[in-house]
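# Geometric and topological summary
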Amino acid sequence: MLEPFQEEFMRRAIAEMALLGVAGGAIGCWVVLYRLSYATESLAHSILPGLVLAALAGVPLLLGGAPAIVIAGLAIVLVAQVPGISREVAVGVVVTTMFGLGALLALSPKSPPGIQELLFGDILGPSNGDLLAAALLVITVATALPLMHGRLLAVGFDRNAARSLGASPAVAETVLIALLAVAIVVAVQGLGNLLVAAVFVGPAAAARNLTERIVPMIGLSVAIALASGLAGLYLSYYAGTAGGASVTLAIVAAYLLSLPAGRLIARFGDAAPVPATIG
Amino acid sequence: MQAEPLIEASGLAVGYGGEAAISGVSFALRPGETMALLGPNGGGKTTLLRALLGELSPLAGTLRVGARCASVPQTERSQLDYPVSALDVAAMGALSRLPWWRRPGRRDREIAADSLRQVGLDGLADETFGKLSGGQRQRVLIARSLVQDARILLLDEPFSGLDRPSSERLEALVGSLAAEGRGVMVATHDLEQAQRWDSVLCLNRDQIAVGPPQRALDVDVLEATYGGAIVELPGSGRRAVLPPHHHHHPH
């Protein structure tokens, strides 16, 4: 069982996956509660041209992904200003444009091979810089989310009423989306453009099926992300499957398991049903 | 000598983008007073409540709100599949007192538990908010406004969707909270119930009438408020409002 730990590359992969699991599992709870799963997927896809340019220039992917996500965000805001275009349509237009542009760059004859790595990630080969970025991400998330917890909870519960409680919806949502954007840009190295959304949505959605309280949900989500990350890497090591894809499959499996598990908890765990009082 | 009003509005106009949605609103809400806010959909009830909460500024006239205002919205507007207990929701009321980086602590949760007891929900503090009945959820939101330590409660259609016993319990609770010196304003569609509050404010873009229900509510006022004709239902002695431009279709 401990054999993978004896390999240097596996130790690094496990460290990277653990860091991304902690960050993704925690942010993911707010992604799920704020119904931002589609936005997460879109933001991840829209950074492809930045990643390709960074790969062509031979610089860290972070340097391409960060400006690309800012440009995509601004473009969505701008396109949504056009009369008759809803926010959802704007996201669709911008994301497909950006993704197409990325594919165009990547598939031109002059581009070096390696686009697969951008699409599906390279969880088995994180650089020291990647590990450092992931560690900084965990510190940022572990600082920001507890500080914002009360406000995030109130805004997500009822956006309109939050203001009268002294919690600004604009501030809470901006902080959350900024954190999410940073996390996507950092995590894309490991899990790739197409698969990165899984770590922000899957573990949290599974945790949501298992508990009806926010703090246990965050704990469970992180635990599920860590467990399925490790399981995915083991699968990859022993079965010789692709790293990022194996992790994604493990996350999906965890989600599927959470469905019957949640139903069992609802039936047997909650021994005291709501008293049937009037009103 | 009457107590200093909690809210005083005079010639108030409020709206969006410089255009008035309501105008000519003048009234006072005193400690211990319950006031029904009557009017058709789109008549400006929500606009007035938002102005009282400070979310909209007066375009004309004056508005003085002399105490902390808490909003008790319709519970369907919140996410009912949200992972919070009744206690978590009530404790959110403490946020307005806390700096932005703090979340409600142990002391705040004790206050929240007391408030839940006060609204008659002891024993349900740990229940998931979305699993409570409509009336129970409404009382959790009232408990939240008590945690805010608000002396003015603004309830937006709190009785809609409640069965009769729930409605009566809520009405009794509102009465007892007012008796403790709070001012309560209730936006409602229920004319019959409005007659049991201390006063009514009729609003249909303009203020139609304000005062004790026995004096303020007459057929002319109701016609102007709801923009339609009042008819007596044959045989029942009850009155109903016919919407304007009502056409009879063959059935």
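Quick notes on the rules
- Residues numbered from 1 in each chain as written.
- Chains lettered and ligands numbered in written order.
- Predicted model: local features only at pLDDT ≥ 70, side-chain atom pairs only at ≥ 80, totals over all residues.
- Helix = DSSP H or I, 4+ residues; strand = E, 2+ residues; numbered from the N terminus.
- Buried ≥ 20, exposed ≤ 12 C-beta atoms within 10 Å, placed from the backbone.
- Contact = placed C-beta atoms within 7 Å.
- Axes fitted to C-alpha atoms, helices over the stretch in contact; angles between N-to-C directions.
- Parallel < 35°, antiparallel > 145°, perpendicular 65-115°, else oblique.
- Left-handed = near helix turned anticlockwise from the far one by under 90°.
- Nonpolar A, V, L, I, M, F, W, Y, C, P; charged D, E, K, R; others polar.
- Expected span 1.5 Å × (residues − 1).
- Arc of directions from axis to C-beta.
- Core = buried A, V, L, I, M, F, W, Y, C linked by C-beta atoms within 7 Å.
- pLDDT = per-residue confidence, 0-100.
- Domains from an automatic or database assignment.
- Pairing = 2+ DSSP bridges.

### A look at the overall build of chain B
- In terms of regular secondary structure, chain B is built from eight helices and eleven strands.
- Scored against the burial criterion, the 251 residues of chain B give a buried share of 46%.
- A separation of at least 24 residues holds for 65% of the contacts in chain B among residues at least 6 apart in sequence.

### A look at the packing of helix α4 (residues 61–81) of chain A against helix α5 (residues 87–107) of chain A
Residues and elements named next belong to chain A.
- Two elements in contact, α4 and α5, have axes whose closest approach is 8 Å; the angle formed by their N-to-C orientations is 135°. With respect to their mutual orientation, α4 and α5 come out oblique. For the element pair α4 and α5, the recorded crossing hand is right-handed. On α5, the residues touching Ala 72, Ala 75, Ile 76, Val 79 and Ala 80 of α4 are Arg 87, Ala 90, Val 91, Val 93, Val 94 and Met 98.
- Its residues placed into classes, the contact of α4 with α5 shows ten nonpolar, no polar and one charged.

### Concerning helix α4 (residues 134–147) of chain B
Residue and element names in this part refer to chain B.
- The end-to-end C-alpha separation of α4 is 20 Å, in line with the 20 Å expected for 14 residues at 1.5 Å each.
- Of all 14 residues that make up α4, 14 are buried, and the element is covered over most of its length.
- Phi for Asp 149, located one or two positions after α4, is positive at around 60°.

### Notes on helix α5 (residues 164–179) of chain B
All names here are of chain B.
- Here α5 contains 16 residues, and its C-alpha end-to-end distance of 22 Å stays within 8% of the 22 Å for a straight helix at 1.5 Å per residue.
- What α5 keeps buried is the set Ser 166, Ser 167, Arg 169, Leu 170, Leu 173, Val 174 and Leu 177. Down the axis of α5, the buried set is contained in an arc of 160°. They therefore lie on one face. In α5, those exposed residues whose orientation departs by more than 90 degrees from the buried face are Arg 164, Pro 165, Ala 172, Ser 176 and Ala 179.
- Immediately downstream of α5, the backbone of Gly 181 shows phi near 105°, a positive value.

### A closer look at the nonpolar core
- Residues A:Ala183, A:Ile184 and B:Ala86 are the most contacted members of the largest nonpolar core, which totals 168 residues.
- Here this core takes 15 residues from helix α9 (residues 169–195) of chain A, the largest share from any one element.
- Setting aside its immediate chain neighbours within four residues, B:Ala86 contacts B:Leu116, B:Leu121, B:Leu124, B:Ala125, B:Glu127, B:Phe129, B:Leu132 and B:Val140.

### Quick notes on the interface of chain B and chain A
- Of the residues lining the interface, 32 residues belong to chain B; the matching set on chain A comes to 27 residues.
- Where the side of chain B that touches chain A is concerned, the elements lending two or more residues are β5 (69–72), α4 and α5 of chain B.
- Residue contributions to the side of chain B that touches chain A peak at three residues, all from α5(B).
- Residues of the side of chain B that touches chain A, tallied by class, amount to 13 nonpolar, twelve polar and seven charged.

### Observations regarding the confidence of the model for chain B
Residues and elements named next belong to chain B.
- In this model, chain B carries an average pLDDT of 88, and 90% of its residues clear a pLDDT of 70 or more.
- By mean pLDDT, the top-scoring element of chain B is helix α2 (residues 86–91) (96), and the lowest-scoring one is strand β10 (residues 229–232) (63).
- Our summary of model confidence lists the complex with pTM equal to 0.86 and ipTM equal to 0.86.

### Examining the confidence of the model for chain A
- The share of residues in chain A with pLDDT of 70 or more is 95%, and the mean pLDDT across the chain is 89.
- Contacts for the low-pLDDT stretch residues 271–279 of chain A, under 50 throughout, to residues beyond four places or in other chains number eleven contacts.

### Quick notes on the domain arrangement of chain B
All names here are of chain B.
- The domain boundaries assigned to chain B delineate domain 1 (1–67 + 151–166 + 178–251) and domain 2 (82–148).
- Contact with domain 1, which involves five residues of that partner, is made by five residues of domain 2.
- Split by residue class, the side of domain 1 that touches domain 2 holds three nonpolar, two polar and no charged.

### Re the pairing of β5(B)
Residues and elements named next belong to chain B.
- The two faces of β5 match: Cys 69 and Ser 71 on one face and Ala 70 and Val 72 on the other face are all buried.
- Pairing geometry for β5 and strand β6 (residues 152–156), over four bridges, is parallel. Across the sheet, residue Ser 71 finds its bridge partner in β6, namely Leu 154.

### Re the pairing of strand β1 (residues 7–16) of chain B
All names here are of chain B.
- Pairing of β1 with strand β2 (residues 19–29) involves seven bridges; the strand directions are antiparallel. The residue of β2 that forms the bridge with Gly 15 is Ala 20.
- The turn joining β1 and β2, which pair antiparallel and follow one another in sequence, is formed by two residues; a positive phi near 60° is taken by Gly 17.
- Alignment of β1 against strand β4 (residues 60–65), held across five bridges, turns out to be antiparallel. Note that in β4 the partner of Ser 10 across the bridge is Thr 62.

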